[in-house]
Amino acid sequence: SSVRFENNGSRFTAKDWERLRCIAEGNQAVDSVGMFGVGFYTVFSLTDEPLVSSGKSCMSFGWSGDDLNYCFRDLPTDQEWTTVALPCREAISWDFVKLREFLLRSLSFTKSVSKVTVSL
């Protein structure tokens, strides 16, 4: 199973990439990592290796023991959509109430979501 979020709004800025990178370095600043100091980190409840792509860049995450590492790369083409891909560590049986709760927690770092579509 996998979950994929796509947003055709603004592409990530250098500041957005920096904030995302800080997750791997253990940034605990409540005012800079999501609404409650959690934000994007909630994706690790589903996956060990999230991948974010936006514009001409992407950032992947992976665990080495207890350490979270990241890799920032340039993409060969400019991506129109900002995408968060979450290859799930195990098959998901969809409980839509829990999915709604997960989306509210994990997407709280976005400011202007006007529509969320779930495709199964």
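Note that the structure is a prediction, hence the values are computed from the model and not measured. (Residues numbered from 1 in each chain as written. Predicted model: local features only at pLDDT ≥ 70, side-chain atom pairs only at ≥ 80, totals over all residues. Heavy atoms only, no water.)

Looking at the nonpolar core
Here is step 1: Ranked by internal contacts, the top residues of the largest apolar core, which has 19 residues, are Phe5, Leu20, Phe40, Phe61 and Leu86.
Here is step 2: Looking at this core, the elements that each hand over two or more residues are β1 (2–7), α1 (14–24), β2 (51–64), β3 (67–87) and α2 (96–106).
Here is step 3: Leu20 has contacts with Phe12, Phe40, Val52, Met59 and Phe61, leaving out every residue within four places of it along the chain. (Core = buried A, V, L, I, M, F, W, Y, C linked by side-chain atoms within 4.5 Å. Buried < 20%, exposed > 50% of the residue type's maximum accessible area, 1.4 Å probe, protein only. Helix = DSSP H or I, 4+ residues; strand = E, 2+ residues; numbered from the N terminus. Contact = heavy atoms within 4.5 Å.)

A few points about the confidence of the model for the protein
Here is step 1: Scored by pLDDT, the protein has a mean of 79; 74% of the residues are at 70 or more.
Here is step 2: When mean pLDDT is compared element by element in the protein, β2 scores highest at 94, while α2 scores lowest at 75.
Here is step 3: Segment residues 30–37: pLDDT under 50, and 13 contacts once partners within four positions in sequence are set aside and those in other chains are kept. (pLDDT = per-residue confidence, 0-100.)

Describing the pairing of β3
Here is step 1: Pairing analysis gives six bridges linking β1 to β3, with the strands arranged antiparallel. In the strand pairing of β3, Asn7 is matched with Thr82.
Here is step 2: Direction of pairing for β2 relative to β3: antiparallel, over a ladder of 12 bridges. Each bridged residue has a counterpart across the sheet, and for Val52 the counterpart in β3 is Val84.
Here is step 3: The antiparallel hairpin formed by β2 and β3 contains two residues in its connecting segment, where Gly65 sits at a positive phi of about 65°. (Pairing = 2+ DSSP bridges.)

Description of the sheet that holds β2
Hydrogen bonds between backbone groups are what pair the strands of a sheet, and the pairing can be parallel or antiparallel.
Here is step 1: One open sheet holds the three strands; their spatial order is β1-β3-β2, and the pairing between them is antiparallel. At either margin of the open sheet sits one strand with a lone partner, and together these are β1 and β2. Each strand axis lies, on average, 35° off the axis of its neighbour in the sheet, ignoring direction. (Axes fitted to C-alpha atoms, helices over the stretch in contact; angles between N-to-C directions.)

So, the environment of Ser2
Here is step 1: With respect to the element layout, Ser2 can be found in strand β1.
Here is step 2: The class for Ser2 is exposed, based on a relative accessible area of 54%.
Here is step 3: What Ser2 contacts, discounting residues up to four positions off in sequence, is Leu86, Pro87 and Cys88.

Digging into the packing of aromatic side chains
Here is step 1: For the coordinates displayed, the defined rule picks out four aromatic pairs.
Here is step 2: Plain terms: the ring middles of Trp17 and Phe72 are 5.2 Å apart, the flat faces sit at 75° to each other, and that makes the pair edge-to-face. Of this pair, Trp17 sits in helix α1 while Phe72 sits in strand β3, and the two are 55 residues apart along the sequence.
Here is step 3: Under the relative-accessibility criterion, Trp17 is labelled buried at 8%.
Here is step 4: When the ring of Phe44 is compared with that of Trp63, the centres are 5.6 Å apart and the planes differ by 75°; the resulting orientation is edge-to-face. With Phe44 in the loop between α1 and β2 and Trp63 in strand β2, the pair connects residues that are 19 residues apart, well separated along the chain.
Here is step 5: Here Phe44 falls in the buried class, since its relative accessible area comes to 9%.
Here is step 6: Owing to a relative accessible area of 34%, Trp63 belongs among the partly exposed residues under this scheme.
Here is step 7: Ring pairing ties together the aromatic residues Phe12, Trp17 and Phe72, which thus form one cluster. (Phe/Tyr/Trp six-rings, centres within 6.5 Å; stacked < 30°, edge-to-face > 60°.)

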